[in-house]
Amino acid sequence: AFRRSNSLNKLTKVLSITLLIVILSACSTQKKRGDVSGLKKFYHNTTALYNGYFHANEIINESVFQLNSDHRDNYNKLLEVYPYVASANAQSQSSNIDNAIEKISVVVNLHRISHWTDDCYLLLGKAQFVKQNYEDAQEALEFMAAEYSPEAILAREGSKSKTKKGKKKRPGSKKRPTTSSSKKKKSSPGSKKRPTTTKKKKKKRPKKRPTKRPAKRPTAEEKLEAEKKAATKKVEETKEKATETEKVDTKSTKTKKNRKADEKAEKFFLKHRPAYQEGQIWLARTYIERDMFAEAEVILQKLEKDPLTFKDLRKDVLVAQGHLLIQKKDYNPAIAPMEEAIVLSKDRSEKARLSYIIAQIHQQEGRGDQALAGFERALKFSPNYEMEFSSRLNVAQNAWINGQATSEQAIKTLKQMLKDSKNLEYKDQVYFAMAQIYIKEKNFADAISSLKNSLANNAGNDAQAAESHLLLAQLYYGQEDYVNSKYSYDSTLLVLPKNDERYEQTLGFRDNLTDIAKNIEIITLQDSLLAIAAMTDQERKELAFAIQKKEEADRLAKAALDAKVSDERSANNLRNNLNPSTFFAYDDKKLKKGKKDFARFWEDRPLDDNWRRSNRNNIGGDLAVEEQEEKINRELTNEDIELIFKDVPRTPEQIKSSKEKITNALFTLGTLYKDRLLRNDLAIETLEDLSDRFPGHDQELETWYFLYVIFNEEGNSIKAKEYYTKITNRYPKSLYAQALTDPNFKNRAQQEQNSLFEFYDATYAIFQDGKFQKAHDRVAEATNTFGKTNKLQAKFALLDAMCLGNIKGKEEYIVKLKDVVAQYPGTEEQLRAKEILRLLGSGSVSGVKSEVSPGGNFEVNDSQVHYFIIALNGTTTKLTDAKETVSDYNRKYHQLDRLRISNIYLGASTDKPILVIRRYKNKSEAMRYFNGIVKNQADFFDSSVEYEIYAVSQSNYRQILKSKSLEEYKIFFVENYL
């Protein structure tokens, strides 16, 4: 029975398929040349859909899902509407997406007559978009818009109908047969005309046959590329037609045929639906990513207003409109389309994300009630615990902001969240929320403490770490604690993405505070050392004991804290069946070591609150602490004390040197307060402190003149007059006194300064011309003419170093650069010299002329064809192995780029081979390859291979070959490409 059933089933299937074929074949009994039978159409549609399009679509969807999963949201900033667009490493999916593009290409070329060709071009645009290759995405989607717009399709159908009309019989004439077989049957036997014509045609045919060998058949990718180029002209025409159409009332101008087509626009139950509208949405999104906001707005508005836009695409149009307005920083208008999208969306995850973004906009615009409602709605739709947690956190904060709870109640709620084991991974965010409440309450001490706790409990969340470090840096800055502020800005820059809009501002604050913090630390250290130098031996011993005790207690406290956190984490992992974290505090080895150290020092003392305090209500505990203090005291030897105080000045010379360091630091700090921070009050306080503490110091004249200038700026004429008198009485022949008393002094000084700048410019021009010896001689002349303290002396010194580098070689170059670093601290020239030394020390030989003259032997030409150079340095890797590694990388990330690899050897030796990758249309394409290597180094050469990578224009590549060296190109690349 089972076998008979199977046989019947098979027979039924065969009959069904046969019947279907017969029906489809019946539809094509009579066809003209160029027409396609129903069976053939069915074959191409089915094959295109299931063999190519379906699999490519699945691959792209999987890539989007993976990029969304890899992206970590920063809930302290406005969330991205499309997470995968914000991915920092979209190239990680390049291999998969290239595979999808290949499948699309096959479908387009083998099954062009199918209904899925427009969908394939749409998918091609999507693929390039997901790769963040927006230029190619725009090209593909614009091609699709030109070829498959309703206007283009109607135009093609109209031309076909005209052709058919032209072949109709004339009125009154008999119907002529249309097939060749019917012609043969109805021809008279005695007719000679047709055979004669046929023979003539047969004779002429051989002459028309091609005698040359046919050209090589183009590949699928080449066909696609040719089609794109052929349609480029049509794109602009289509845009112009669309613009003209918008100005006219479409309802009055539509033909009957168009109106009938519109009525059937959404009736695609058994009919393939055109992909044009979806392609327009993706084209608008591509324009947004390319900052072409006006073009995107035109497309989206047209789709929104068009009543024939498919219902399921209206939601996508609204989301794209919200994204567009957010990118334009027009936040309030973005709320309306996203609210409509939430109503239309059936995806809870999408509803939650849009609700959260809307709540964030309300929050940043100061609408607390609406923000609270938005976060509560996001909480309702939250698809994962991370968003649920963040929504709860914001609900607690906004309840306090809106007056529905006091700050104490809000803090209490947040502390309860800290106790919840599910929130162990999110403690850093809870502490950060507490800090924000403390800041608004002007409780800066608790705010700083909460931020420190946030960082201590951070388990690898770089986004949250960046927010905590940055807010901590700003708090320290506001408290005028510039040292801690500088270090917090340093920490911020380590985890803040470089594409963050706050990066440059953070970098500026850090740079402004670097020298200030350095001089404050010098003053603090030297003051402390001088204070210790004035102590008795007993006082030093007591201080050494206190220092040792604090260091040991801090170390053990940290070990105990790490152990406690690790226990909590382990318990939470067991409850939730999670994999152990890789966070350092949860390492079992470190946990055991911490417990051992704690037990060895504190023995079996129990853990409790305030365990380091000596005034706890615990007599046994006090006794234990006293015993441990005696233990430290016994173990502290004279050698230990000497080691602790090894930097304390003892001799008069050492004490004098320490005081000089303080005076120099105080003077520099006072000028920096004025110049970097624009804080005249701090400058006055610092410089007057310098004058009071160290009268007659080496920089007394400069200090008084600086105070005179500041008091003049502040409008304090009495204090300005005081320092005017001091300068003219104490230093009457000084330049500062002349500047104050001689009205023509400034004019003369200005003339001398102009001469100095003109001399430097002329010397620089000589250097650019390659006359290095002459430029070197002029530098020496400048020192004699304008003095060693002239304003441009640091520039002359750096220029001289480069002259000597060209004259005498690399070794002399390095020596002179080190002199610049030592003699001109805090200057731009020092920083530049350090950078050059770093490059020289990396194993490459940097160019000299290109350092100050980016033009030099190389030219900036971003639009020129570019190559990519990989220089292999000091490696035993075989050239063939290196080429295979690069080829594997290219296959994974640049499968469709058609890259070719060759190798050359620069110079006489062959121990430093160069791999050359050809080729890229322009600089941006070559730098995309460069940035991909930076992000995916694990898939490039391993750490044992030393290599350098450069993008180079075609003309500059020829210059490298001519010079047979990369020496002059490296800094040019740094300056013009990085």
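Note that this is a predicted model, so its numbers are computed, not measured.

1. Re the nonpolar core
- Ranked by internal contacts, the top residues of the largest apolar core, which has 74 residues, are Y84 and M338.
- Filtering out sequence-adjacent residues up to four positions away, M338 remains in contact with G322, I326, L354, I357, I358 and I361.
- By size, the runner-up hydrophobic cluster in this structure holds 39 residues, among which are L915, I917, I960 and Y977.

2. A word on helix α37 (residues 810–823)
- Taking 1.5 Å as the rise per residue, α37 with 14 residues should run 20 Å; its terminal C-alpha atoms sit 20 Å apart, in good agreement.
- Listed as buried for α37 are Y813, I814, L817, V820 and V821. All buried residues of α37 lie within an arc of 120° about the axis, which places them on one face of the element. Along α37, exposed side chains directed more than 90 degrees from the buried face belong to E811, K818, A822 and Q823.

3. Some words on the environment of S149
- Tracing the backbone through its elements, the reader meets S149 in the loop between α5 (134–148) and α6 (150–166).
- Each C-alpha atom of the pair S149 and A275 lies 9.2 Å from the other, and the pair is 126 residues apart in sequence.

4. Looking at the sheet that holds strand β2 (residues 900–905)
- One open sheet holds the 4 strands; their spatial order is β2-β3-β1-β4, and the pairing between them is antiparallel. A single partner strand is all that each edge strand has here, and the edge strands are β2 and β4 (946–953). Sheet twist, expressed as the mean angle between neighbouring strand axes with direction ignored, is 25°.
- In terms of strand pairing, strand β1 (residues 866–873) meets strand β3 (residues 913–920) through 5 bridges, oriented antiparallel. The partner of I869 across the bridge, within β3, is V916.
- Packing against the sheet, helix α41 (residues 923–935) makes contact with β1, β3 and β4, and its axis sits at approximately 35° to β1.

5. As for the packing of helix α30 (residues 680–693) against helix α31 (residues 700–714)
- Contact geometry of α30 with α31 gives a least axis separation of 10 Å together with a crossing angle of 150°. Relative to α31, the element α30 lies roughly antiparallel. Judged by the twist between their axes, the crossing of α30 over α31 is left-handed. Seen from α30, the contacting residues are N680, A683, I684, L687, E688, L690 and S691; seen from α31, they are T703, W704, F706, L707, I710, F711, E713 and E714.
- Among the residues making up the contact of α30 with α31, the classes are represented as 9 nonpolar, 3 polar and 3 charged.

6. Observations regarding the packing of aromatic side chains
- Across all of its chains, the model carries 39 aromatic pairs by this definition.
- Ring centres 6.1 Å apart and planes at 50° place the aromatic pair Y482 and Y673 in the tilted group. Within this pair, whereas Y482 is found in helix α23 (residues 482–495), its partner Y673 is found in helix α29 (residues 652–675), the two being separated by 191 residues in sequence. In this pair, the class of Y482 matches that of Y673, namely buried.
- Ring centres 5.4 Å apart and planes at 65° place the aromatic pair F767 and F772 in the edge-to-face group. Note on accessibility: F767 and F772 belong to one class, buried.

The rules behind the values
- Along each chain, the written sequence defines residue order, and numbers are assigned to residues from 1.
- At least 70 in pLDDT is required for a residue's local features to be given in this predicted model, at least 80 for side-chain atom pairs to be given and counted, and no such filter applies to totals for whole chains, interfaces and linings, which use all residues.
- Heavy atoms throughout the structure, all of them, feed into the side-chain values; hydrogens and water do not.
- As used in this record, nonpolar core signifies buried Ala, Val, Leu, Ile, Met, Phe, Trp, Tyr and Cys residues forming a set joined through side-chain atoms within 4.5 Å.
- To sort residues, take the accessible area from a 1.4 Å probe on protein chains only and compare it with the maximum for the residue type: under 20% means buried, over 50% means exposed, and anything in between is partly exposed.
- In this description, contact between two residues means that some pair of their heavy atoms is separated by no more than 4.5 Å.
- Here a strand is any run of E in DSSP of at least two residues, a helix any run of H or I of at least four, and the numbering for each starts at the N terminus.
- Here, expected helix span is obtained from the residue count minus one, scaled by 1.5 Å.
- Taking the helix axis as origin, the arc is that swept by the directions to the C-beta atoms.
- Paired strands, as defined in this entry, are two strands with at least two bridges between them according to DSSP.
- Between N-to-C directions, angles span 0 to 180 degrees; the directions come from axes that are lines fitted to C-alpha atoms, helices contributing only their stretch in contact.
- An angle counts as roughly parallel when it lies under 35 degrees, as roughly antiparallel when it exceeds 145, as roughly perpendicular when it falls between 65 and 115, and as oblique in every other case.
- We call a crossing left-handed when the near helix sits turned anticlockwise from the far one by less than a right angle, and right-handed when that turn is clockwise.
- Polarity classes work like this: nonpolar for Ala, Val, Leu, Ile, Met, Phe, Trp, Tyr, Cys and Pro, charged for Asp, Glu, Lys and Arg, and polar for all others, with Gly in that last group.
- Centres within 6.5 Å are what make two rings of Phe, Tyr or Trp a pair, Trp counting through its six-membered ring; a difference in plane orientation under 30 degrees is then read as stacked, over 60 as edge-to-face, and the rest as tilted.

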